[in-house]
Amino acid sequence: MNQNLFHTFAQRMRERGDADFITTRQGTGYRYAEALAATERLAGALTALGVTPGDRVAVQVDKSPETILLYLATLRIGGVYLPLNTGYTGDEIHYFLADAEPALFVCRPENLDTARGIAADTGCPQVATLGIQGDGSLMEEAERATPRDDIVERDANDLAAILYTSGTTGRSKGAMLTHRNLGSNAATLVEAWHFNEQDRLIHALPIFHTHGLFVACNVTLMAGSSMLFLAKFDADVIFEEMPHGTVMMGVPTFYTRLVQDPRLTPEVTANMRLFVSGSAPLTAETHQEFEAKTGHAILERYGMTETNMNLSNPYDGARRAGTVGMPLSGVEYRITDRESGEPVPEGEIGILQIRGPNVFVGYWRMPEKTREELLEDGFFITGDLAMVDERGYIHIVGRDKDLVISGGYNVYPKEVEQVIDELEGVNESAVIGLPHPDFGEGVTAVVVPQPGVTLSEQQVLDFLQGQLAKYKQPKRVFFADSLPRNTMGKVQKNQLRDKYRDTYR
Ligand code: MCA
Ligand code: AMP
C-alpha cells in the first residue's frame, strides 16, 4: 500500500467533501473537496516547476489557507516540505537554502527580488511567489498546469518534511521527518484528544513549526474537522471567535494574555471543549487561574521538532498543573543520569529520552550530530530535565541544553552570541533567558567590551537588526567588565541569570 501520508489525508478529504476544511474571517477558505482539487492543480504546478520525488520545497510565506494546500501538494508528489519562519532575515534564509538545496523556493511576492538573489547564490533553480490572498506566481502556475490526481508512492520511512531547529553550536540542524513520524503522531493525537468531525479549531499559531503545522493541521485532516485560520494571535479576535470554536491550541503566552483579560469568562468559553498548551512551560499559576475563570483545565503536552508530540496530560482524568502528563500511545520514555546515561530512580531528576514511531530519523547531512543525540537503541536525547512523580505524571523541570524559549520560539544563545561578537569593540558576550511576564523568557545579552571601548545598548541592538530574526534579538543588553567563569573556563550563566533576574518584572 502507498504509505504516503497524503494518501490517508486524501481519503479523509474525499469522505468529508462538502464540509469546511479551512475558513477565514474574511469569508475565504476551502471545503474538503475544493482543497483536494486544489492540491491536484498545485501538484501540477510543482511538477511543471521541476520538483520531483525527494526534492525539497522551501517555503517562506505569510499564513494563508493556500500555504497548507502547498504543503499537501508537496506531499502528494513525494516532495519534502521545508517551512521557514517568516521572521528569518536574508542571511538566515541563505544558510537554509545552501544547506537543504531545495528544487524550489516559494517566497512572499514582495520578497521576490531578494529571494531570486539568494536562490542564485545557493544554486536553487526555481523561485515562485505566494501571497496572503492566494495571489502570486505559484497559484497562477496551478491554473495553467495539467492537474495531477495521482499520489506518488512513498515508503513510511521516506522523508515528508525537514524542519530546522537551531543547535547549541550555533548552526541550525534540519530535523528529517518521515511519513510515518507525522502520520503516527497525528493518529495518536486524534485519539488522545478526542478530535472529531464536529470540531472547529481556532488556529492562531504560525504554520512554519511543528505546533501550528503538524499538531494543528495534520490532526484536523485526520479527524476531518475544520480550522478557523487567523493571521496571528489577537485577544480581541479570539474572544469574538471562541463562541464558534471547540478547540484552541496555543503557546503559554496565549494563555497568560487571556487570563489577564476581563473578557475571559465561563460564558465566552462555553462552546469550547478543549484548550491545549505546549512549546514552552505553562506556569501552574496560569493553569489554575484559567481554570478558576472558565472551568476549563488547560491540557498541557510536551513535544519537540525532532519528535512531534511525546507526553500529554489526559483528556479524561486529571490535568495536573505544572506537569506534561504521561507518554502518548506508542511513545516510550526514560529519565537518565547525565554522566552514566543509566535510568535514574523514580522521583529523581535526569535527562529525558524518548523513543517511538514519532521520533525523527536524523539531522539532514549531519551524521555525527545525529549519532550524538539519537542513540543506537532508538532513544532520542531531548536535552530537557525531567522527573516523574508518584502518580506517573512527568514534570519538565529545566534544560540541560543552553536554550531560551521566548513566546514559544527557540533561541539558541550561541547563535546570538556569535553575531554580537562580530561587532567591533566587543570582546565577548553571553546570552541568557530571564523570566518575562509575556514571553515566559526574555532574551538578554551581557556584553564585555574590549578594554577602553564604550558601547551603548542601542549600538548592539542596531547591529543585530537585519542579521537575526526579531524574536532572537535581545530585549535588553547589559555591559560587564568580564563574564563569571568556573575553574574549567565555562561561563556561569546561572550567576548571570541570578544577577539580572528581575529585569522584566
Ligand atoms: C513577537 N516578538 C517576539 C516574539 N513574538 N519577541 C520575542 N519572542 C517572541 N515569541 C516581538 C515582535 O517582533 C515585537 O517587536 C514585539 O516582540 C511585540 O510583539 P507582539 O505584537 O506582542 O507579538 P505577537 O505578534 O503578539 O506575538 C507573540 C506570540 C507569537 C503570539 C507569542 O510569538 C507566537 O505566535 N508564538 C508562537 C510560536 C510557536 O508557534 N512556537 C511553536 C514552535 P517590535 O515591537 O520591536 O517590533 S514548535 C515547538 O516548540 C514544539 C514542537 C512544540 O512542543 O510545540
Ligand atoms: P522545538 O525545538 O522548537 O521543537 O522546541 C522543543 C522544546 O520546547 C523542548 O525540548 C522543550 O524544552 C520545550 N517544550 C515543549 N513543550 C513544553 C512543555 N509543555 N513544557 C516545557 N517545555 C516544553
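Provided above is the structure to which this section pertains.
Residues numbered from 1 in each chain as written. Chains lettered and ligands numbered in written order. Predicted model: local features only at pLDDT ≥ 70, side-chain atom pairs only at ≥ 80, totals over all residues. Heavy atoms only, no water.

Novice: Mind laying out the overall build of the protein, listing which residues take part and the relevant values?
Specialist: Assigned secondary structure in the protein consists of 15 helices and 25 strands. By the compact-globule yardstick of 23 Å for 505 residues, the protein fits well, its C-alpha radius of gyration being 23 Å. The C-alpha extent of the protein, read off along each of the three principal axes, is 65 × 55 × 50 Å. Looking at the protein residue by residue over its 505 residues, the buried ones come to 59%. Accessible area of the protein: about 20400 Å², with a carbon and sulfur share of 47%. Each charge sign in the protein was given a centre, from 47 positive and 68 negative side chains, and these centres are 1 Å apart. (Helix = DSSP H or I, 4+ residues; strand = E, 2+ residues; numbered from the N terminus. Rg over C-alpha atoms; globule rule 2.2 N^0.38 Å. Buried < 20%, exposed > 50% of the residue type's maximum accessible area, 1.4 Å probe, protein only. Areas by Shrake-Rupley, 256 points an atom, 1.4 Å probe, with all protein chains shown as cover. Lys, Arg positive; Asp, Glu negative; His and termini not counted. Charge placed at Lys NZ, Arg CZ, Asp CG, Glu CD.)

Novice: With reference to specific residues and values, describe the sheet that holds strand 16 (residues 332-336).
Specialist: Reading across the sheet, the four strands line up as 16-17-19-20 and stay open at both edges, with antiparallel pairing between neighbours. At either end of the open sheet lies a strand with only one pairing partner, and these are strand 16 and strand 20 (394-399). On average, each strand axis in the sheet is inclined to that of its neighbour by 45°, with strand direction left out of account. Pairing of strand 17 (residues 350-355) with strand 19 (residues 380-388), which is carried by four bridges, proceeds in the antiparallel orientation. For Ile351, the partnering residue across the bridge sits in strand 19 and is Leu385. (Pairing = 2+ DSSP bridges. Axes fitted to C-alpha atoms, helices over the stretch in contact; angles between N-to-C directions.)

Novice: Mind laying out the sheet that holds strand 2 (residues 29-31), listing which residues take part and the relevant values?
Specialist: Pairing in this open sheet of nine strands is mixed, and the strands run 2-1-10-9-11-12-13-14-15 from one edge to the other. Only two strands of the sheet have a single neighbouring strand rather than two, namely strand 2 and strand 15 (326-327). Relative to strand 15, strand 14 (residues 308-312) is paired through two bridges, and the arrangement is antiparallel. For Leu311, the partnering residue across the bridge sits in strand 15 and is Pro327. Across the sheet, helix 10 (residues 252-259) touches strand 11 (247-250) and strand 12 (274-277), and the angle it forms with strand 11 is around 115°. (Contact = heavy atoms within 4.5 Å.)

Novice: Go over empty space enclosed by the protein with me, naming the residues and quoting the values.
Specialist: Going through the model one piece at a time under the given rule, you end up with four cavities of 30 Å³ or more. One number sums up the size of the largest cavity: a volume of about 60 Å³. Taken together, Val59, Gln60, Val61, Asp62, Lys63, Thr67, Tyr81, Pro83, Leu84, Ile207 and Phe208 make up the lining of the largest cavity. Mapped by element, the contributors of at least two residues to the lining of the largest cavity are strand 3 (56-60) and strand 4 (80-83). (1 Å grid on protein atoms, 1.4 Å probe; cavity = no way out; pocket = protein on both sides within 12 Å on 5 of 7 lines; lining within 4 Å. Points joined across faces, edges and corners; volume = space filled by probe spheres on them.)

Novice: Provide a residue-level description of the side chain of Thr74, including the pertinent values.
Specialist: Of note, Thr74 is situated in helix 3 (residues 65-76). Those residues in contact with Thr74 that lie beyond four places of it in its chain are Leu46, Val57, Gly79, Val80 and Tyr81.

Novice: Account for the site of ligand 1, naming residues and giving values.
Specialist: Lining the immediate environment of ligand 1, one finds 25 residues, of which Arg257, Ser279, Arg301, Ser406 and Lys475 sit closest. Gly303 places a polar main-chain atom, nitrogen or oxygen, 3.3 Å from an oxygen atom of ligand 1. Between ligand 1 and the protein, one listed contact pairs a nitrogen atom with a side-chain N or O atom of Lys475 at 2.8 Å. When ligand 1 sits alone it has 1000 Å² of accessible area, and the protein chains cover 74% of it. Elements supplying a minimum of two residues to the shell around ligand 1: helix 8 (210-223), helix 10 and strand 13 (299-304). Here the shell around ligand 1 is built from residues that sort into 10 nonpolar, 10 polar and five charged. (Near = heavy atom within 4 Å. Polar contact = N/O pair within 3.5 Å; in protein donor to acceptor, adjacent residues only side chain to side chain. Nonpolar A, V, L, I, M, F, W, Y, C, P; charged D, E, K, R; others polar.)

Novice: How would you summarise the packing of helix 2 (residues 32-48) against helix 3 if you had to cite specific residues and measurements?
Specialist: Closest axis-to-axis distance for the helix 2/helix 3 pair is 8 Å, and the angle between their directions is 65°. Here helix 2 runs over helix 3; the crossing is right-handed. Judged by residue contacts, Ala35, Leu36, Ala38, Thr39, Glu40, Leu42, Ala43 and Leu46 of helix 2 engage Leu69, Leu70, Leu72, Ala73, Thr74 and Arg76 from helix 3. (Left-handed = near helix turned anticlockwise from the far one by under 90°.)

Novice: Talk me through the pattern of salt bridges; I want residue IDs and the actual numbers.
Specialist: Under the definition given, this model contains 34 salt bridges. In this structure, Glu457 engages Arg476 in a salt bridge whose closest nitrogen and oxygen atoms are separated by 2.8 Å. One end of the pair, Glu457, is in helix 14 (residues 457-464); the other, Arg476, is in strand 25 (residues 476-479), with 19 residues separating them in the sequence. In this structure, Asp502 engages Arg505 in a salt bridge whose closest nitrogen and oxygen atoms are separated by 3.2 Å. Arg505 sits in the exposed class, given a relative accessible area of 63%. (Salt bridge = Lys/Arg side-chain N within 4 Å of Asp/Glu carboxyl O.)

Novice: Could you give an account of the nonpolar core, with specific residues and numbers?
Specialist: The biggest cluster of nonpolar side chains holds 114 residues, and the ones touching the most others in it are Phe9, Tyr71, Met242 and Leu258. Ranked by residues supplied to this core, first place goes to helix 8 with nine residues. Beyond its immediate stretch of four places on either side in the chain, Phe9 contacts Tyr71, Leu72, Leu75, Asn218, Leu221 and Met222. Among the nonpolar cores identified, the runner-up in size contains 40 residues, and Leu82, Ala100, Met176 and Leu464 belong to it. (Core = buried A, V, L, I, M, F, W, Y, C linked by side-chain atoms within 4.5 Å.)

Novice: Quick rundown of the packing of aromatic side chains? Include the residues and the values.
Specialist: In this description, a pair of aromatic rings is defined by centroid distance and the angle of the planes. By the definition in use, this model includes 16 aromatic pairs. Here Tyr95 and Tyr164 contribute two aromatic rings whose centre-to-centre distance is 6.4 Å and whose plane-to-plane angle is 75°, an arrangement assigned as edge-to-face. Residue Tyr95 is found in helix 4 (residues 90-100), and its partner Tyr164 is found in strand 7 (residues 159-165); the two are separated by 69 residues along the sequence. Arranged with centres 5.2 Å apart and planes meeting at 80°, the rings of Phe360 and Phe380 form a pair that is edge-to-face. Here the residue Phe360 occupies a position in the loop between strand 17 and strand 18 (362-363), and Phe380 occupies one in strand 19, the gap between them amounting to 20 residues. Overall, the relative accessible area of 2% leaves Phe360 in the buried class. Members of the aromatic cluster, joined through ring pairs, are Tyr88, Tyr95, Phe96 and Tyr164. Over the face of the ring belonging to Phe229 we find Lys63, whose NZ or CZ atom lies 4.8 Å from the ring centre. The ring of Tyr393 carries Arg320 above its face, with NZ or CZ at 4.8 Å from the centroid. (Phe/Tyr/Trp six-rings, centres within 6.5 Å; stacked < 30°, edge-to-face > 60°. Lys NZ or Arg CZ within 6 Å of the ring centre and 35° of its normal.)

Novice: Can you tell me about the state of the cysteines, naming the residues and giving the values?
Specialist: A complete count under the given rule lists zero disulfides for this structure. Among the cysteines around Cys124, which has no disulfide bond, Cys107 carries the closest sulfur, lying 9.9 Å off. A relative accessible area of 7% means that Cys124 is categorised as buried. (Disulfide = S-S within 2.5 Å.)

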